[in-house]
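As a plain string of letters, each chain reads:
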Amino acid sequence: MANALASIGKKELEDIIKEDGRAELVCHFCNKRYQFNKEELENILKQI
Ligand SMILES: [Zn+2]
């Protein structure tokens, strides 16, 4: 699922962290809802 978030792109991820500090996404594969807090978003950002 982190891969789906990574596909948003680094720039947009940085904006989300700055503006909201968290993100909620619905997985396109299983329709599950995932919530990411600031710490998790920053970890994903490091991996991009
Ligand atoms: Zn899924």
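Residues numbered from 1 in each chain as written. Predicted model: local features only at pLDDT ≥ 70, side-chain atom pairs only at ≥ 80, totals over all residues. Heavy atoms only, no water.

Novice: Mind showing me how you'd approach the overall build of the chain here?
Specialist: Helix and strand counts for the chain stand at three helices and two strands. Ordering the α and β elements of the chain from the N terminus gives α-α-β-β-α. Counting only C-alpha atoms, the chain reaches 25 × 20 × 15 Å along its principal axes. Per-residue burial over the chain gives 23% buried out of 48 residues. Pairs at least 24 apart in sequence give 45% of the contacts found in the chain among residues at least 6 apart. (Helix = DSSP H or I, 4+ residues; strand = E, 2+ residues; numbered from the N terminus. Buried < 20%, exposed > 50% of the residue type's maximum accessible area, 1.4 Å probe, protein only. Contact = heavy atoms within 4.5 Å.)

Novice: It is not clear to me how the coordination of the zinc ion should be interpreted in this structure. Could you clarify?
Specialist: Under ideal tetrahedral coordination, the four donors around a metal are separated by 109.5 degrees; under ideal octahedral coordination, the six donors are separated by 90 or 180 degrees. All of the protein donors around the zinc ion are Cys-27 (SG) and Cys-30 (SG); their distances to the metal are 2.2 Å. A relative accessible area of 6% places Cys-27 in the buried class. (Donors = N, O, S within 2.8 Å, 3.2 Å for Na, K, Ca; no water.)

Novice: I tried to follow the environment of Ile-16 on my own but got confused; where do I start?
Specialist: Here Ile-16 is to be found in helix α2 (residues 10-19). A sequence separation of 24 residues divides Ile-16 from Glu-40, and the C-alpha atoms of the two residues are 12 Å apart. If sequence neighbours within four positions are ignored, Ile-16 has contacts with Ile-8, Gly-21, Arg-22, Ala-23 and Leu-41.

Novice: Would you take a moment to explain the confidence of the model for the chain for this structure?
Specialist: Low-pLDDT portions of the prediction should not be read for the details of their coordinates. For the chain, the average pLDDT comes to 87, and 96% of its residues sit at 70 or higher. Summarising per-element confidence for the chain, the mean pLDDT is lowest in helix α1 (residues 2-6) (71) and highest in α2 (93). (pLDDT = per-residue confidence, 0-100.)

Novice: Please clarify how the pairing of strand β1 (residues 23-26) should be interpreted in this entry.
Specialist: The side chains of a regular strand alternate, first on one face of the sheet and then on the other. Here β1 runs beside strand β2 (residues 33-36); their pairing, made up of four bridges, is antiparallel. Across the sheet, Leu-25 pairs through a bridge with Tyr-34, a residue of β2. Where β1 folds back on β2, the antiparallel hairpin that results is connected by six residues, among which Asn-31 adopts a positive phi of roughly 60 degrees. (Pairing = 2+ DSSP bridges.)

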